[in-house]
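Listed below are the residues making up each chain.
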Amino acid sequence: YRRQASIEASDLSPGDRVRVASQRRRPSLVDADPDAATGTDPAAGESQQAEGAAQVTVIPAGSPASQFPGVTEGTLASLVEEGIVVQTDAGDAQVVSTSATTAYARQEVIEAGLLKVGDRVSVQLPFSGPPVQVATASEGSAAAADPTVAEQVTLLIDPEI
């Protein structure tokens, strides 16, 4: 269980564990190229590449690794003009641009008992890979009885996050 609150860019410190969600450029529908829309144009992928940080979140050590595309995770190595440098767990140093629209947040570990009815939360379910064709669970089967268990529940205490 986590609590997440907004912070300012100036609250970041080298050594912080960070998760960076990237902004993505979306292809324009004006003058759309059919090859780009179907993915057959290799240059079309360039318009989908990460443009910069939509949100930088300071996360507690030991947080589960994100499995989502467009997320960079690691240790904040330094703050640079118009961006940050993140040292990934793989050892790569990645420069991520930031802008006036980049949101900043900090998460901290909390006890489940701090949650109450009516709280705004974000629930992270386990990532099981791309969807696959599965048989429908029937009543009484293990699949029908086993609920999905959240990997992480985050209490959102700021309305803009």
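Residues numbered from 1 in each chain as written. Predicted model: local features only at pLDDT ≥ 70, side-chain atom pairs only at ≥ 80, totals over all residues. Heavy atoms only, no water.

Asker: I'd like a rundown of the overall build of the chain, residues and numbers included.
Answerer: What the chain contains, in helices and strands, is 2 helices and 9 strands. Taken from N to C terminus, the helices and strands of the chain fall in the order β-β-α-β-β-β-β-β-β-α-β. Taking all contacts inside the chain whose residues are at least 6 apart in sequence as the whole, residues at least 24 apart take part in 77%. (Helix = DSSP H or I, 4+ residues; strand = E, 2+ residues; numbered from the N terminus. Contact = heavy atoms within 4.5 Å.)

Asker: So what's going on with the nonpolar core? Residues and values would help.
Answerer: If you look at the biggest cluster of nonpolar residues, it comprises 12 residues: Ile7, Leu12, Val18, Val20, Ala53, Val56, Val58, Leu76, Ile84, Val86, Val96 and Tyr104. Listing elements by their share of this core, those giving two or more residues are strand 2 (17–24), strand 3 (50–58) and strand 5 (83–88). The dominant element in this core, judged by the number of residues it contributes, is strand 3, at 3 residues. Discounting residues that sit within four places of it in the chain, Ile84 has contacts with Leu12, Val20, Val56, Leu76, Ser78, Leu79, Gln94, Val95 and Val96. (Core = buried A, V, L, I, M, F, W, Y, C linked by side-chain atoms within 4.5 Å. Buried < 20%, exposed > 50% of the residue type's maximum accessible area, 1.4 Å probe, protein only.)

Asker: Describe the side chain of Thr154, with residues and values.
Answerer: With respect to the helices and strands, Thr154 occurs in strand 9 (residues 152–156). Those residues within four positions of Thr154 in sequence are excluded, and the remaining contacts are Arg2, Arg3, Gln4, Gln107, Arg120, Val121 and Ser122.

Asker: So what's going on with a nonpolar patch on the surface? Residues and values would help.
Answerer: Taken together, the side chains of Val121, Val123 and Leu125 present a nonpolar region at the surface, about 240 Å² in accessible area. With respect to the helices and strands, the residue Val121 is situated in strand 8 (residues 121–124). (Patch = residues over 30% accessible without salt bridge, like charges linked within 9 Å, V, L, I, M, F, W, Y side chains within 5 Å. Areas by Shrake-Rupley, 256 points an atom, 1.4 Å probe, with all protein chains shown as cover. Salt bridge = Lys/Arg side-chain N within 4 Å of Asp/Glu carboxyl O.)

Asker: Before we move on, can you summarise unusual backbone geometry with the specific residues and values?
Answerer: The phi angle at Glu82 is positive, at roughly 60°, despite the residue not being glycine. By secondary structure assignment, the location of Glu82 is in the loop between strand 4 (71–80) and strand 5.

Asker: Outline the pattern of salt bridges, listing residues and values.
Answerer: Two side chains that carry opposite charge are able to pair once their charged atoms sit near each other. For the coordinates displayed, the defined rule picks out 5 salt bridges. Each of Arg17, Arg19, Glu73 and Asp89 takes part in a single network of salt bridges with overlapping partners.

Asker: Requested: an account of the pairing of strand 1 (residues 2–6), with residues and values cited.
Answerer: Looking at chain direction, strand 1 and strand 7 (residues 103–109) are connected through 5 bridges and run antiparallel. Paired with Arg2 across the two strands is Val109, which belongs to strand 7. The pairing of strand 1 with strand 9 spans 3 bridges and is parallel. Bridge pairing in strand 9 places Arg3 opposite Leu155. (Pairing = 2+ DSSP bridges.)

Asker: Hey, could you go over the environment of Ser122 for me, with residue numbers and the actual values?
Answerer: Its location among the elements puts Ser122 in strand 8. A sequence separation of 118 residues divides Ser122 from Gln4, and the C-alpha atoms of the two residues are 9.7 Å apart. Ignoring any residue separated from it by four or fewer positions in sequence, one finds Ser122 in contact with Gln152, Val153, Thr154 and Leu156.

Asker: So what's going on with the side chain of Gln107? Residues and values would help.
Answerer: Along the chain, the position of Gln107 falls in strand 7. On the basis of relative accessible area, Gln107 is assigned to the buried category, the value being 10%. When neighbours within four sequence positions are excluded, Gln107 is seen to be in contact with Arg2, Arg3, Gln4, Thr57, Val58, Ile59, Pro60, Gln152 and Thr154.

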